[in-house]
Amino acid sequence: MGWTDYRFDADQLSLRRDETKQATLPAATAAIITDNMTLIDLANPTRFLTLTARLLPWLAALTAILLLAGLYQSAVAPDDYQQGATVKIMFIHVPNAWLSMFVWGVMSLAALGTLVWRHPLADVAAKAAAPIGAAFTFLALVTGSLWGRPMWGTYWEWDARLTSVLILFLMYLGLIALWRAVEDPARAARAAAILTLVGAINLPIIKFSVDWWNTLHQPASVIRLGGPTLDRAFLIPLLVMAAAFSLLFATLHLAAMRNEILRRRVRALQMIQARQRPA
Amino acid sequence: MTALAALIQRDIKIALRVGGGALIGVLFFLTVVVLMPFAVGPDLALLTRLGPAILWLGALLASLLTLDRLFMADHEDGSLDLIVMSRTPLELACAAKALAHWLAAGLPLIIAAPVLGLLLNLDAASTSAVALTLLAGTPALTFTGMIGAALSVTLHRGGLLLAVLVLPLSIPVLIFGVAASQAAISGPLSFGTPFSILCALSLVSFVIGPIAAAASLRHGLD
Amino acid sequence: MSLGPYASFIVTSYLLVTVVVLVLIAWIAIDYRRQKQRLRELDASGVVRRSGRSAAEVQ
């Protein structure tokens, strides 16, 4: 019932409430429609911008609080029996590694939104998330390398986990390259969506293959990052940091989505301007 | 003759002609295998140990090189639009093109492998093992590479991007291809496990490759 | 809080994370300001959005 009350404005990429229809509905029904239409309202980029403007300060504040709490927890965490104080690197390595995969998951959902439902904000969400995910993956790689150096003696070790993260980083870079290679935003979004979904299917295969490959060429010293079970003293800083980084991603992603919407608006206006003013 | 059979026959004919690019892949394969000893040293024992890996790497790079021809020529002369618009399901058309490409470009690599194995001091049993794994694995390389070829078909300088996109997809094939070869030649591990995983990867690529490539072509060409 | 013999590794990792996060925040903030600036310029040159609203109006 709700869809017929809206008209899709193709130029603005927005849904506009059809004013003529609202008047004929009884008040209670109209109220229900208004309350339940929030998700469709969100599809309207302008409404999304309003929501973002209201939400961002709170998200940023919450992120800062959690980050500070996480830093404090990491500072006061005890030393590990084997690793000593270097276990503190785990508190920033593991959240970044989790996030690098989580962001690909977010992009995969956005990819489904682009290909299956043609949700207008899905393109924006996917494009905004890619560089942020790549940054987290890069941090996971670097902190993993720095964490491993005291234990392995080398800055890089071709173990299963680090190698999988390296391949994931290459996939992020390839995706960003694809985004930048196609000029038209809508076509770029569709191509990137397909690559994201293929990558999502490929990730478990890669993880399985690299694990297999690693056990095949067993290195001399087998040191597992993180140990068999995690003591509660280490679990709490880890979870706080994980929550902090997740909120950090949410904040950055929302802000980047806002930038992307504005960028598209600029592009549309520049095209209108170019048409109005024959050079 | 059905539309798909005609498509396969057409693609093979074009690929085998001069400038078609099928046999250039074999030449590149030869180049890579010849370059390896210059980099690694002429120690025959070392080359024997590295043999399967060098052959697999050469085959992978050679198949990567010929991948952009999969759709590029058709896109340039307009026949890709006709294929997309025709009544044959685009997924099947993509699968047919990939099959033709593998027959014209992949099979020569497999046939060349035993000959090149001689350069790497591999004995007959080893090279047949490598050739068998190549037979099982190169279809996966072609069918997943087709996804990258479809995504980059409309880009003018898409060649390098294609390689970057396709490489993460080909890493599992490389891992299990070399593992299966090593297992057959020397390893304590059974040959069956990595070989069956390799076959599974190829079978999965037969499904995902055409679907993703068809989606890319449909979304990319309008 | 003694960081042990590998203190430099721990400090370097935390510093790197801080730097990269700050770079991300800065990049997004600068991009935001650049887009708003461009929208203001387009509004000043008289381009009108199809909805009739001014270009510089973000909400």
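Only a predicted model underlies this, so the values are computations on that prediction, with no experimental measurement involved.

Novice: An account of the overall build of chain B is requested, with residue identities and associated values reported.
Specialist: Helix and strand counts for chain B stand at nine helices and zero strands. Ordered by position from the N terminus, the helices and strands of chain B form the series α-α-α-α-α-α-α-α-α. In terms of overall dimensions, chain B is globule-like: its C-alpha atoms have a radius of gyration of 18 Å, near the 17 Å expected for 222 residues. A principal-axis box enclosing the C-alpha atoms of chain B has dimensions of 55 × 35 × 35 Å. Across the 222 residues that make up chain B, the buried fraction comes to 51%. Long-range pairs, those at least 24 residues apart, make up 79% of the contacts in chain B with a sequence separation of at least 6.

Novice: If you had to explain the overall build of chain A to someone new, which residues and values would you point to?
Specialist: Tallying secondary structure elements over chain A gives nine helices and two strands in all. When the helices and strands of chain A are read in sequence order from the N terminus, they spell out β-β-α-α-α-α-α-α-α-α-α. Across the 279 residues of chain A, 39% fall into the buried class. Contacts in chain A between residues far apart in sequence, at least 24 positions, make up 78% of those at least 6 positions apart.

Novice: Describe the confidence of the model for chain B, listing the residues and the values that go with them.
Specialist: Summarising the model, chain B shows a mean pLDDT of 89, and 96% of its residues fall at 70 or more. Both scores are available for the predicted complex, with the pTM at 0.86 and the ipTM at 0.89.

Novice: Account for the environment of L107(B), naming residues and giving values.
Specialist: Residues and elements named next belong to chain B. Its place among the elements puts L107 in helix α6 (residues 90-119). Owing to 15 C-beta atoms within 10 Å, L107 belongs among the partly exposed residues under this scheme. Between the C-alpha atom of L107 and that of L135, which follows or precedes it by 28 residues, the distance is 7.7 Å.

Novice: Lay out the interface of chain A and chain B with the relevant residues and their values.
Specialist: Between chain A and chain B, the residue contacts involve 22 residues of the former and 20 residues of the latter. If you list the elements that add at least two residues to the side of chain A that touches chain B, you get α7 (160-181) and α8 (185-216) of chain A. Here the element with the most residues in the side of chain A that touches chain B is α8(A); it accounts for 14 residues. Residue composition of the side of chain A that touches chain B, by class: 17 nonpolar, three polar and two charged.

Novice: Describe the nonpolar core, and please don't skip the residues or the numbers.
Specialist: With 148 residues, the main nonpolar core has A126(A) and A129(A) as its most contacted residues. Apart from the residues within four sequence positions on either side, A129(A) is in contact with V103(A), V106(A), M107(A), A110(A) and H253(A).

Novice: Any chance you could break down the interface of chain C and chain A for me, citing the residues and the numbers?
Specialist: Each partner contributes to the interface: chain C provides 30 residues, whereas chain A provides 34 residues. For the side of chain C that touches chain A, the per-class residue count stands at 18 nonpolar, seven polar and five charged.

Novice: Please provide a residue-by-residue account of the packing of helix α5 (residues 87-117) of chain A against α8(A), values included.
Specialist: Residue and element names in this part refer to chain A. In contact at an axis separation of 8 Å, α5 and α8 are set at 135 degrees when each is read in the N-to-C sense. Classed by the angle they form, the pair α5 and α8 counts as oblique. As for how α5 packs across α8, the hand of that crossing is left-handed. Listed contacts from α8 to W104, M107, S108, A111, T114 and L115 of α5 are A189, R190, A193, T196, L197, G199, A200 and L203.

Novice: Could you give me a rundown of the environment of L50(B), with the residues and numbers involved?
Specialist: Residue and element names in this part refer to chain B. Tracing the sequence through the fold places L50 in helix α3 (residues 44-67). Taking the number of C-beta atoms within 10 Å as the measure of exposure, L50 has 18 and is therefore partly exposed. In the structure, L50 is positioned 128 residues away from V178 in sequence and 9.8 Å away in space, judged by C-alpha atoms.

Novice: An account of unusual backbone geometry is requested, with residue identities and associated values reported.
Specialist: Residues and elements named next belong to chain A. Of note in this structure, R118 is not a glycine but carries a positive phi near 55 degrees. Relative to the assigned elements, R118 resides in the loop between α5 and α6 (120-152). Judged by local crowding, R118 falls into the exposed class, with 12 C-beta atoms found within 10 Å.

Novice: Got a sec to walk through helix α9 (residues 192-220) of chain B? Specific residues and values, please.
Specialist: Owing to its 3.6 residues per turn, the α-helix aligns residues three or four sequence positions apart on the same side. End to end, α9(B) covers 40 Å across 29 residues, agreeing with the expected 42 Å (1.5 Å per residue, within 8%). The sharpest bend along α9(B) reaches about 30 degrees and sits at S205(B).

Novice: An account of α8(A) is requested, with residue identities and associated values reported.
Specialist: For α8(A), built from 32 residues, the straight-helix expectation of 46 Å at 1.5 Å per residue is met to within 8% by its first-to-last C-alpha distance of 44 Å. Of all the bends found along α8(A), the most pronounced is centred on N202(A) and spans about 30 degrees, while P204(A), a proline, follows it within four residues.

Novice: How would you summarise the environment of L7(B) if you had to cite specific residues and measurements?
Specialist: Note on placement: L7(B) falls in helix α1 (residues 3-16). Along the sequence, L7(B) and A184(B) sit 177 residues apart, while their C-alpha atoms lie 37 Å from each other.

Novice: Any chance you could break down the packing of α6(A) against helix α9 (residues 232-276) of chain A for me, citing the residues and the numbers?
Specialist: Residues and elements named next belong to chain A. With their axes 8 Å apart at the nearest point, α6 and α9 run at an angle of 125 degrees to one another. In terms of their interaxial angle, α6 and α9 are classed as oblique. α9 is crossed by α6, and the crossing has right-handed handedness. Contacts between α6 and α9 involve V124, A125, K127, A128, A129 and I132 from the former and F249, L252, H253, A256, M257, E260 and I261 from the latter.

Novice: So what about the confidence of the model for chain A? Which residues, and what values?
Specialist: In the predicted model, chain A carries a mean pLDDT of 83, and 79% of its residues have values of at least 70. Overall, residues 33-39 of chain A carries pLDDT values under 50, and its contacts beyond four positions in sequence, including any with other chains, amount to four contacts.

Reading the values: rules and limits
- Residues numbered from 1 in each chain as written.
- Chains lettered and ligands numbered in written order.
- Predicted model: local features only at pLDDT ≥ 70, side-chain atom pairs only at ≥ 80, totals over all residues.
- Helix = DSSP H or I, 4+ residues; strand = E, 2+ residues; numbered from the N terminus.
- Rg over C-alpha atoms; globule rule 2.2 N^0.38 Å.
- Buried ≥ 20, exposed ≤ 12 C-beta atoms within 10 Å, placed from the backbone.
- Contact = placed C-beta atoms within 7 Å.
- pLDDT = per-residue confidence, 0-100.
- Nonpolar A, V, L, I, M, F, W, Y, C, P; charged D, E, K, R; others polar.
- Core = buried A, V, L, I, M, F, W, Y, C linked by C-beta atoms within 7 Å.
- Axes fitted to C-alpha atoms, helices over the stretch in contact; angles between N-to-C directions.
- Parallel < 35°, antiparallel > 145°, perpendicular 65-115°, else oblique.
- Left-handed = near helix turned anticlockwise from the far one by under 90°.
- Expected span 1.5 Å × (residues − 1).
- Bend = angle between axes of the 7 residues up to and from the residue.

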